[in-house]
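# Fold and contact review
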Amino acid sequence: MSAQAVDVKARGLWGTFEECRDHLFKQYQETRFDPDTGLSPEALEAEVASYLEAHRDEPRVLQKANVFRIVMTHGQIAIDPQDWFVDKVNHGCLVRSLSCEDRPDGGGILRRLSLRWLYDTMDGPIGESTNWLRRAYRAGQATGPKGGLDRGHIAPGWDALFAAGLTGLLDKVAQAREALGTRVTPEQLAFYEALEIVYRAAIELSNRFARLALKMADELPKHRERLLIIASAMSNVPANPPRTFHEALQFHWLVHELIEIEGEYVRSAGQFDRTFYPFYKADIDAGRLTPERAKELIKFFWYKWYARTQGRENGKNFCFGGQYPDGTEITNELTYLALDAFEEMNTPDPKLSLRFLPTSSEKLYRRVAELIRDGHNSMVLMNDPVAVEALVKRGIPLEDARIYLPIGCYEPAVEGKQVGCTMNITVNLAKGVELALNDGRDPTTGEQVGPHTGDARSFAGFDDVWDAYVKQMDYFLEHAHDSIAAAERAWPQINPSPMVAGAIEDCIARGKDVGQGGPRYNTVGFVGAGLANACDSLVALKKAVYEEKRFTIGEVLEALRANFEGQERMRQYLVNRTPKWGNNDPDADGLARRIADYYCNKVHNFTNGRGGPCMAALFSLTFALHGGERTGALPDGRRAGESLAPGLAASYGRDRNSVTALIDSVTKLDSTLTPNGAVLDVTLHPSAIKEEEGLEGLVALIKTFLSKGGYAVQFNVFDVDTLRDAQRYPERYSTLQVRVTGWSVYFTSLSRQEQELYIARITHGN
Amino acid sequence: MAIEAALEKRSNTERGEGAQCEGLIFDIKRYAVHDGPGLRTVVFLKGCSLSCAWCHNPESISPRPEVSLHPERCIACFTCVKVCPNQVHQFGEGGEHVLERDRCKQCGTCTESCYAEALVMVGKKLSVGQVMEVLNEDRAFYEASGGGVTLSGGEPFMQAEFTTALLQSCKAAGLHTAVDTCGNVPWAVIQKTLPYIDLALYDLKHMDPGEHKRHAGATNDLALRNLRRLSKSGVPIEIRIPLIPTVNDSPAHVEAIGRFLASLDNIVGVRLLPYLRLAGSKYASIGRPNRMPEVDTPTREHLETVAGWMQRDRPLTIFINA
Ligand code: SF4
Ligand code: SF4
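Owing to the predicted nature of the structure, the values given are computational and were not obtained by experimental measurement.

Conventions we followed
- Residues numbered from 1 in each chain as written.
- Chains lettered and ligands numbered in written order.
- Predicted model: local features only at pLDDT ≥ 70, side-chain atom pairs only at ≥ 80, totals over all residues.
- Heavy atoms only, no water.
- Helix = DSSP H or I, 4+ residues; strand = E, 2+ residues; numbered from the N terminus.
- Rg over C-alpha atoms; globule rule 2.2 N^0.38 Å.
- Buried < 20%, exposed > 50% of the residue type's maximum accessible area, 1.4 Å probe, protein only.
- Areas by Shrake-Rupley, 256 points an atom, 1.4 Å probe, with all protein chains shown as cover.
- Lys, Arg positive; Asp, Glu negative; His and termini not counted.
- Charge placed at Lys NZ, Arg CZ, Asp CG, Glu CD.
- Pairing = 2+ DSSP bridges.
- Right-handed = clockwise from strand over helix to strand, strands pointing away.
- Axes fitted to C-alpha atoms, helices over the stretch in contact; angles between N-to-C directions.
- Near = heavy atom within 4 Å.
- Nonpolar A, V, L, I, M, F, W, Y, C, P; charged D, E, K, R; others polar.
- Arc of directions from axis to C-beta.
- Contact = heavy atoms within 4.5 Å.
- Phe/Tyr/Trp six-rings, centres within 6.5 Å; stacked < 30°, edge-to-face > 60°.
- Lys NZ or Arg CZ within 6 Å of the ring centre and 35° of its normal.
- Domains from an automatic or database assignment.
- Buried area = accessible area lost by both parts, 1.4 Å probe.
- Salt bridge = Lys/Arg side-chain N within 4 Å of Asp/Glu carboxyl O.
- Polar contact = N/O pair within 3.5 Å; in protein donor to acceptor, adjacent residues only side chain to side chain.
- Parallel < 35°, antiparallel > 145°, perpendicular 65-115°, else oblique.
- Left-handed = near helix turned anticlockwise from the far one by under 90°.
- Core = buried A, V, L, I, M, F, W, Y, C linked by side-chain atoms within 4.5 Å.

### Quick word on the overall build of chain B
Assigned secondary structure in chain B consists of twelve helices and 13 strands. A globule of 322 residues ought to have a C-alpha radius of gyration of about 20 Å, and chain B, at 21 Å, matches this closely. By principal-axis analysis of the C-alpha atoms, chain B measures approximately 65 × 50 × 35 Å. For chain B, the residues scored as buried account for 57% of the 322 residues in total. For chain B, the accessible surface area stands at approximately 13,600 Å², while carbon and sulfur atoms represent 51% of it. For chain B, the centre of its 35 positive side-chain charges and the centre of its 37 negative side-chain charges are spaced 3 Å apart.

### What to know about the pairing of strand S5 (residues 317-321) of chain A
All names here are of chain A. Counting buried positions along S5 yields five of five residues, so the element is predominantly enclosed. Two strands pair when backbone bridges link them, and strand S4 (residues 268-271) and S5 are joined in this way by three bridges, in the parallel orientation. Paired with serine 268 across the strands is asparagine 317, a residue of S5. In this sheet, strand S6 (residues 351-356) lies alongside S5 in parallel orientation, the contact comprising five bridges. Its bridge partner lying in S6, phenylalanine 320 is registered against leucine 354. After leaving S5, the chain enters helix H13 (residues 333-345) and then returns to the sheet as S6, a path that is right-handed.

### Points about the sheet that holds strand S10 (residues 199-203) of chain B
Residues and elements named next belong to chain B. Overall, mixed pairing links the nine strands, which are arranged S7-S1-S2-S8-S9-S10-S11-S12-S13 in an open sheet. Two strands in the sheet have a free side with no partner beyond their single neighbour: strand S7 (124-127) and strand S13 (318-320). The sheet shows a mean angle of 30 degrees between the axes of neighbouring strands, direction not considered. Pairing of S10 with strand S11 (residues 237-243), which is carried by four bridges, proceeds in the parallel orientation. Each residue of the ladder has a partner; that of alanine 200, found in S11, is isoleucine 237.

### Let's talk about the site of ligand 1
The environment of ligand 1 is made up of B:Cys74, B:Ile75, B:Ala76, B:Cys77, B:Phe78, B:Cys80, B:Phe91, B:His97, B:Cys114, B:Ala118 and B:Leu119. By residue class, the composition of the shell around ligand 1 is ten nonpolar, one polar and no charged.

### Considerations on the sheet that holds strand S15 (residues 679-684) of chain A
All names here are of chain A. Pairing within the open sheet is mixed, and its six strands lie in the order S4-S5-S6-S7-S16-S15. Edge positions in the sheet fall to S4 and S15, since each of these pairs with one other strand and no more. Mean inter-strand twist for the sheet, computed between neighbouring axes without regard to direction, equals 25 degrees. One ladder, built from six bridges, connects S15 with strand S16 (residues 712-717); its direction is parallel. In the sheet register, valine 679 faces S16, and the bridge partner there is alanine 712.

### Brief notes about helix H12 (residues 300-310) of chain B
Residues and elements named next belong to chain B. When we look at burial in H12, the residues that qualify are Leu303, Val306, Ala307, Trp309 and Met310. Buried residues of H12 fall within an arc of 160 degrees about the axis and therefore sit on the same side. Residues of H12 that are buried sit in contact with S11, helix H10 (251-262), strand S12 (267-274) and S13.

### Looking at the packing of aromatic side chains
Residues and elements named next belong to chain A. The tally for this structure, following the rule as stated, stands at 35 aromatic pairs over all chains. Look at phenylalanine 272 and phenylalanine 320: their rings are 5.6 Å apart centre to centre, the planes differ by 35 degrees, and that puts the pair in the tilted class. A residue pair is termed long-range when its members are at least 10 positions apart, and phenylalanine 272 in helix H10 (residues 272-275) and phenylalanine 320 in strand S5 qualify at 48 residues. For the pair phenylalanine 551 and tyrosine 573, a centre-to-centre distance of 5.6 Å together with 80 degrees between the ring planes defines the contact as edge-to-face. On the criterion of sequence distance, the pair formed by phenylalanine 551 in the loop between helix H22 (531-547) and helix H23 (553-561) and tyrosine 573 in helix H24 (residues 568-576) is long-range, its members being 22 residues apart. You'll find phenylalanine 551 and tyrosine 573 in the same group, each marked buried. Positioned over the ring face of tyrosine 265 is arginine 111, at 4.0 Å from the centre of the ring. In this structure, arginine 594 is placed above the aromatic ring of tryptophan 466, and the distance from its NZ or CZ to the ring centre is 4.1 Å.

### Side note on the domain arrangement of chain B
How big an interface is tends to be expressed through the accessible area that disappears when the partners come together. All names here are of chain B. Per the domain assignment, the segments making up chain B are domain 1 (2-62 + 125-320) and domain 2 (66-122). Taking only C-alpha atoms into account, the centre of domain 1 sits 31 Å from that of domain 2. In this assembly, seven residues from domain 1 lie in contact with seven residues from domain 2. Summing both sides of the interface, domain 1 and domain 2 together bury roughly 600 Å²; the carbon and sulfur share of this comes to 55%. Three residues, Lys46, Ser285 and Ile286, lead the burial of domain 1 against domain 2; their summed loss comes to 68% of the area buried on that side. Applying the counting criterion to the domain 1 and domain 2 interface returns one salt bridge. Between lysine 46 and glutamate 66 there is a salt bridge, and its shortest N-O distance comes to 2.5 Å. Linking domain 1 with domain 2 are four residue pairs in polar contact (both at pLDDT 80 or more), by the criterion used here. By residue class, the composition of the side of domain 1 that touches domain 2 is two nonpolar, three polar and two charged.

### Overview of the environment of A:Asp482
Residues and elements named next belong to chain A. Looking at the element boundaries, aspartate 482 is found in helix H18 (residues 462-489). Assessed through its relative accessible area of 47%, aspartate 482 is described here as partly exposed. Distance in space between the C-alpha atoms of aspartate 482 and asparagine 608 is 8.4 Å, their sequence separation being 126 residues.

### Let's talk about the site of ligand 2
With respect to spatial proximity, 14 residues lie near ligand 2, and among them B:Cys84, B:Cys104, B:Cys107, B:Gly108 and B:Cys110 are the closest. Residue classes in the shell around ligand 2 are distributed as eight nonpolar, five polar and one charged.

### Section: the pattern of salt bridges
All names here are of chain A. Taken as a whole and judged by the stated rule, the model has 71 salt bridges over all chains. Note that arginine 274 and glutamate 415 form a salt bridge whose closest N and O atoms lie 2.8 Å from each other. Placement of arginine 274 in helix H10 and of glutamate 415 in the loop between strand S9 (411-414) and strand S10 (418-419) is noted, with a sequence separation of 141 residues between them. On the basis of relative accessibility, which here comes to 8%, the residue arginine 274 falls in the buried class. A salt bridge links aspartate 587 to lysine 543; the nearest nitrogen and oxygen atoms lie 3.0 Å apart. Of the two residues, aspartate 587 sits in helix H25 (residues 586-604) while lysine 543 sits in helix H22, which places them 44 residues apart along the sequence. By sharing partners, the salt bridges in this structure join Asp400, Lys417, Glu505, Asp506, Arg510 and Arg520 into a single network.

### Here's the deal with the packing of H22(A) against H25(A)
All names here are of chain A. Look at H22 against H25: their axes get within 9 Å of each other, and the N-to-C directions meet at 125 degrees. Our classification of the angle between H22 and H25 gives oblique. Crossing handedness for the pair H22 and H25: right-handed. Across from Leu531, Ala534, Cys535, Leu538, Val539, Lys542 and Lys543 in H22, the residues of H25 making contact are Asp587, Ala588, Leu591, Ala592, Ile595 and Ala596.

### Digging into the interface of chain A and chain B
Counting residues at the interface gives 31 residues for chain A and 29 residues for chain B. Between chain A and chain B lies a buried interface of about 2,600 Å² when both sides are counted; carbon and sulfur atoms form 51% of it. When residues of chain A are sorted by the area they lose upon contact with chain B, A:Arg569, A:Arg577 and A:Glu693 head the list and together hold 27% of the total. For the pair chain A and chain B, the number of links is five salt bridges. Here B:Arg30 makes a salt bridge to A:Asp664, at a shortest N to O gap of 3.3 Å. Listed by contribution, the elements that provide at least two residues to the side of chain A that touches chain B are H24, helix H27 (658-666) and helix H28 (691-707) of chain A. When residues of the side of chain A that touches chain B are assigned to their parent elements, the largest contribution, eight residues, is made by H28(A). Along the lines of polarity and charge, the residues of the side of chain A that touches chain B split into ten nonpolar, eleven polar and ten charged.

### Points about the nonpolar core
Counting 252 residues, the largest nonpolar core has A:Phe245, A:Phe272, A:Trp302, A:Phe526 and A:Tyr599 as the members making the most contacts within it. When residues of this core are assigned to their parent elements, the largest contribution, 18 residues, is made by helix H7 (residues 186-219) of chain A. Core analysis: the second largest hydrophobic core is formed by 61 residues, B:Leu126, B:Phe157, B:Trp187 and B:Leu194 among them.

See below:
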């Protein structure tokens, strides 16, 4: 039997979530595997090593598939009799986070293999581009994944997976190979063989779970009923289409797990109220399930997303609202049931996003506003028509654009058809100002990182500053693009991904892996961060130096070099007396728009290394902090090392004209130029959303933001006193959640520095 | 701040004859939700005909501009000392900034050159046209929420000409208007604006004339008489009661309020505003002695009890901003 801690108290099948909750939270830390179920991680490791040793010349995609097979068919497994869903395979890393590659266990056996191949490639074939990117990251010009390749923004096509089951995928593989006939290449044959290996291994794994569940049902009479349901489910999914809501959830979670164990990150968990609705509806109609029980299943299912990362990680998004490919609205009773489950669970994971249409009902607005008001901050509200139009503009057909999902935090990708590499690079828009003022030299390190654009003292006017800025940015973006393309071309050597390939159309038909241009849409995201700092700095120079002539450019350069030491009066002037982005100021907003238009259009001129388009975005995530650390003092009065502005918003504490003015500024940008996302973070004081009036006000705020054409918005509700108190008494506030540009965490788990930043943002509504 | 933004605006002269009329404004707050229906922009006019001990906007009381000092922002550049023509600014041995306020002529030289905004001029002259520019910026938000504009203070009717012209402009622009008044002004002034007011927010502090005088600096005769007149005029009225423990929250007094309100027409709601003793730094910044009663903020439970007492005679629509 499994060595799970088994509660001896007899329990019913339903109504157990609350009592299991603590146990579920620790489910991945406390898993104990029965040695009889398979090989220990060490023994598996040895088995894998000897396999790889004996098959040195096998194509990597087959090596990967076979290692996957060994883990799935020989690894230890465990079933938690208190849980509704099974998933535990002992591959050496159960508690996982996105940064697990940096942990000693490397994220498990398969991830360690990919990591080794990545490092080999970075040291070898793509050494030059890797080094160029490394230097750019060091200079604070940008940040990005190791080697410049984002392998981690996957949105599997759940509808297609559910329709076919893995058995159906095996049929598709056979048909595709057949269709290629004699044109099939050895590379394609290896790919197809790899697909067959992984899907068969996955089916075998589910059969192992089914057998174990049956055995445990005999040994644990108190849990027998549930274990029999599990055994029945596991003998059907993921091999075949799910028959019930429970099986659909089980299918989803297990396949998600297998994709992640293989080495990708599933960053969108799908359009919940579309994908699961048919199963939910069928169960309800047939009287097999009640809404209350469905809600309990959702909680068990969702709690895994939280337990997996312990609430410490970026978004894995479930999407709600939005539209079917034909444009009809999705929102249904499952939407509201799931939102209720989310509210009752009150955990930072999973992340939810809401796609609003012009036809969205008052009920949906109010429900979402209530959740925000009550402190469920981890929700991104998307403006569907705008997000769809932005994708269509970049060549995605309308029907496909309509089934986009916000991936990770908020970057759209067409579900099951697009591999977006959405966070391939995050560019520091403010660094260009620094380089333009220093002839391309990074003043912090003294390194010449950009082209020579002239001594700023000789600039005749603001136009010269702007020209130098554009030249610096052009040079950087073009080199960054080349480096990313080189990494993309090495993808098949770094991370063959047969498990995920079947979940993304047209990989099977084309006989190409996800990294080889197999997917229908292959894009690369260029995220622009620090818009406010770039804008405010340029507009401050324009005003204070070239228009008012209050300071000479030489004086400003001196002050920046000295990090405003001894120049506090100048700094205060720059902070308080020059226009700032986010205040509906025509000068600042005009310049921000100019920067955004330049950046997005520049990115959209690139073709990526797999032949697809590049997609611009405007937000910052944690790069606001880390990019800021590597950016010197700026003419907007920001001191060296301080954080850049969060997302699309004004710089910290510089939006002094109310949230409505902030929204006015932000909606002046062309949202259809950011197909890879643009999100405004709005922090509201709780008093501003109190009572019925506050709720109605919030609804109106959301509606106005959307009707003005904003791309996406997320709200935080805070109060400085609460946060100060939380700093003093962290244990009292252990459940206080905050959302830091794109992800929510417990406030008390932030570093002191991050906490202070957060507090600086509490500006509106009091 | 919205008020700074308003100063930058060029008054649009096409807005009609009142557009050039100027008022003394000390704040403009956008995205206000508790000062009338929907999302609103609140314009705070400087100068009040009362001086309540519990006032949480002490900078609203004087009808003249005032220099406010926020020492935590000071960067000790001593520019204020150099530029003030009247030697108002002095720094003591320990670095503390002392203002000889009697000598200040409100010329604005020091506040203009204090880039750190440690010195701020409270009260700026703005024309109706300039204010309208700011009000219009949030039109989309008013429309989505059924909101509009609220004039507050201070006492808006103290600046009768400006308030009337601004209300006229708002109505001409199709904006919903509310005025927050203490009522202690000549009826003729209020009467003139009635066609341009969609909602009156009417403060009620104490039913007893002596107590009212003791705490607010004037008796309640005029305010109560005006409230009776207003309630006959057809303008919907929301009564706003700052609830100050020990001052006006006894059962007998609250019941007296309830009886009085029951005798009025057009009362659409009563809002209980719990006293918050959080304005100490504001008093210090303008050098006004702080007389705020040393009592705690009433709890929600207490406010609910008070709401019960008030409705002994007749049910009222009571809002509690706890
Ligand atoms: S001008 Fe302002 S910052 Fe300078 S000393 Fe005076 S109060 Fe302080
Ligand atoms: S306002 Fe004028 S008179 Fe008053 S303190 Fe400032 S500079 Fe001096």
